[in-house]
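Overview (structure and organization)
Here is how the chains run, residue by residue.
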Amino acid sequence: MMAKYNEPLLNEIEEIEEEFLPEEIERKELNIPNLTEREVMKHFLHLSQMNYGVDTGFYPLGSCTMKYNPKLLERIAKNEKIKFVHPLQNEATCQGCLEIMYKLEKLFCEITGMDAFSLQPCAGAHGELTGMLITRAYFEWKGEGDVRKDVIVPDSAHGTNPASAKMAGFNVIEIPSKNGMVDLTALKEALSNETAAFMLTNPNTLGIFEKDILKIAEEVKKVGALLYYDGANLNAILGKTKLGIMGFDIVHLNLHKTFATPHGGGGPGAGPVGVKAYLEKFLPVPRIKKEGEKYKLDYNQPYSIGKVSLFYGNFAVLLKAYAYILRKGKDLEKVAEKAVLNSNYLMERLKRYGFEVPYNGKRMHEFVISLANLRKKGIRALDVAKRLLDYGFHPPTIYFPLIVEEAFMIEPTEDESKETLDKFAETMKKIVEEDINILKNAPHNMPVRRVNEAMAMKKQILTWKDISKLK
Ligand SMILES: Cc1ncc(COP(=O)(O)O)c(C=O)c1O
């Protein structure tokens, strides 16, 4: 009867339905709960609402630079002209993509003061490993491969630094910090003719700028070693100074931090590696070359360390970074200015509320407070972090860097408003005045209470569950 009422329309609806869920992909034999569309909708929408992200609230995860990612960049990455390009396509048919990568390499050279870049590494740690493999290849080429066995890292270094050096076959020597910075005396003692490289983040993981960087570079070079830059904190100095003039020989950048690509949960990211001219021949293949008006992939690099990832890296991430830099243009340095302003503002507010910030002076884009004095009351940094969840904040990084007791590492980023920073500071004050039992049992308002985080990673529940019954 309905068909008679409006047959053409009904046919159209059926067509749309078929397009929406084609019969050939329906798997009738699947053993899944027999639920209505509405129930499924409620379940998944509820799950999505349990998520927390940079788009939902303050996310001051120190060292990770969880800044806002403009939606324009996502639109650009989804562009029809780009999303169907295949990495196995003949290079003559993807000149546009090669041009973007070529120009992005040049922009990174301009921003960092390095001479050549490879966009291939897919994360910061991957960039570090690439940098360490270049270091090894360089000394092998010089005939010092058997001698240059050591890589030095400060005790404030991110764990991936020593891990990458070790994976590339080096011995790792850790040196202590002094007043939150590299201890020059300790560095000089550790440096020798066996040193291959010194790895450094500047500003370091305490958010302190290593003001002795030129002296550090001089000492490292005196023994013929290389200075490596971990770019996780580039956001603080973007457009203000260049790594090349600080004396770095190899650098990596974390595009998913400084250049606005969403991250967390494992990626996708990008960790391009830049080098001074004398190390260019060791960069991964293929290199992107321009011949006349044509771009090509060049594999003919006999000294190259080879390939470090499938194809050419995470192209969508590279594209977003390219668009971000072009869009910011000359205002790129404002990123650093606002990031540093926000960080110092919040640090001063927390200090006024009695929070202890080890080491004197101003900070760059992030700072680390110590909650050690709460330990007397039995309160740990973890308790405060969990309680912050109840107030709608993602907690900062905790227990890192290792040189600060009960560390709370806060990075507000340039995108946060004064109102958010004020609210966060007031909430911190309120939390540490609360009854200890409230803190110890936090979070109270979250979908799950305090979970065993190690086991949550290892024993995930991946099957369907009626979550209303899990509560
Ligand atoms: C200081 C520092 N170095 C290196 C890394 C490693 O970067 P990725 O997570 O991209 O591998 C991080 C990551 O948070 C970091 O904070």
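Everything below is about the structure printed above this text.
Here the structure is a predicted model, which is why all the values come from computation and not from measurement.

1. Some points on the pattern of salt bridges
- By the definition in use, this model includes 33 salt bridges.
- In this structure, the salt-bridge partner of E74 is K320, at a minimum N-O distance of 3.2 Å. Here E74, found in helix α4 (residues 71-77), pairs with K320, found in helix α13 (residues 315-328); they are 246 residues apart in sequence, far enough to count as distant.
- Using a relative accessible area of 26% as the deciding quantity, one classes E74 as partly exposed.
- According to the relative accessible area criterion, K320 is buried, its value standing at 9%.
- Taking the shortest distance from any N to any O, the salt bridge between D383 and K440 comes out at 2.6 Å. Note that D383 is positioned in helix α15 (residues 381-390) and K440 in helix α17 (residues 436-440), a separation of 57 residues in sequence.

2. Notes on the site of the ligand
- Every residue near the ligand is listed here: S63, A123, G124, A125, E128, H158, T160, D230, A232, N254, H256 and K257.
- Within the backbone of G124, an N or O atom sits 2.7 Å from an oxygen atom of the ligand.
- Interatomic distance of 2.5 Å between a side-chain N/O atom of D230 and a nitrogen atom of the ligand.
- The fraction of the free accessible surface of the ligand (390 Å²) that becomes covered by protein chains is 86%.
- At the level of elements, α7 (124-141) and α12 (255-258) are the ones that each hand at least two residues to the shell around the ligand.
- Across the shell around the ligand, the residue classes tally to three nonpolar, six polar and three charged.

3. Describing the sheet that holds strand β14 (residues 407-410)
- Read across the sheet, three strands follow the order β12-β14-β13 without closing on themselves; strand pairing throughout is antiparallel. Of all strands in the sheet, those bounded by a partner on one side alone are β12 (367-370) and β13 (397-398).
- Relative to β14, β13 is paired through two bridges, and the arrangement is antiparallel. Counted as the bridge partner of T397 is M409 from β14.
- Helix-sheet contacts for helix α14 (residues 332-352) involve β12 and β14, and the interaxial angle to β12 is about 15°.

4. Considerations on the pairing of β14
- Both faces of β14 are covered, namely the face carrying A407 and M409 and the face carrying F408 and I410.
- In this structure, β12 lies alongside β14, joined through four bridges in antiparallel fashion. Residue pairing across strands places V368 opposite M409, the latter belonging to β14.

5. So, the sheet that holds strand β8 (residues 250-253)
- If you walk across this open sheet you meet the seven strands as β1-β9-β8-β7-β6-β2-β3, and the pairing is mixed. The open sheet terminates on both sides in strands that have one partner only, identified here as β1 (116-118) and β3 (171-175). This sheet shows a mean twist of 20° between the axes of neighbouring strands, independent of strand direction.
- Of the pairings in the sheet, the one linking strand β2 (residues 150-154) to β3 comprises five bridges and is parallel in character. Note on β3: the bridge partner recorded for V151 is V172.
- Sheet strands in contact with helix α6 (residues 95-112) are β1 and β8, and its direction is about 125° off that of β1.
- Strands in contact with α7 are β2, β6 (195-200), β7 (226-231), β8 and β9 (273-275); relative to β7, the strand with the most contacts, it is inclined by about 170°.

6. So, the environment of A197
- Mapped onto the secondary structure, A197 falls in strand β6.
- For A197, a relative accessible area of 0% corresponds to the buried category.
- Linking A197 and T135, residues 62 residues apart in sequence, is a C-alpha distance of 7.4 Å.

7. Some details on the side chain of S118
- Residue position: S118 is located in strand β1.
- A polar contact of 3.3 Å, which involves the side chain of S118, links it to the backbone nitrogen of Q120.
- Excluding residues within four positions of it along the chain, S118 makes contact with E105, P272, V273, L283 and P284.

8. Here's the deal with the packing of α7 against helix α8 (residues 160-167)
- Here α7 crosses α8 at 40°, and the two axes come no closer than 8 Å. On the basis of the axis angle, α7 is oblique to α8. The handedness of the crossing between α7 and α8 is right-handed. Between α7 and α8, the residues in contact are A125, E128, L129 and M132 and T160, N161, S164, A165 and M167, respectively.

9. Comments concerning helix α2 (residues 7-20)
- With 14 residues, α2 extends 20 Å from end C-alpha to end C-alpha; this agrees with the ideal 20 Å at 1.5 Å per step.
- N-cap assignment for α2: the residue whose side-chain oxygen lies 3.3 Å from the backbone N of L9 is N6.

Conventions and cut-offs
- Residues numbered from 1 in each chain as written.
- Predicted model: local features only at pLDDT ≥ 70, side-chain atom pairs only at ≥ 80, totals over all residues.
- Heavy atoms only, no water.
- Salt bridge = Lys/Arg side-chain N within 4 Å of Asp/Glu carboxyl O.
- Helix = DSSP H or I, 4+ residues; strand = E, 2+ residues; numbered from the N terminus.
- Buried < 20%, exposed > 50% of the residue type's maximum accessible area, 1.4 Å probe, protein only.
- Near = heavy atom within 4 Å.
- Polar contact = N/O pair within 3.5 Å; in protein donor to acceptor, adjacent residues only side chain to side chain.
- Areas by Shrake-Rupley, 256 points an atom, 1.4 Å probe, with all protein chains shown as cover.
- Nonpolar A, V, L, I, M, F, W, Y, C, P; charged D, E, K, R; others polar.
- Pairing = 2+ DSSP bridges.
- Contact = heavy atoms within 4.5 Å.
- Axes fitted to C-alpha atoms, helices over the stretch in contact; angles between N-to-C directions.
- Parallel < 35°, antiparallel > 145°, perpendicular 65-115°, else oblique.
- Left-handed = near helix turned anticlockwise from the far one by under 90°.
- Expected span 1.5 Å × (residues − 1).

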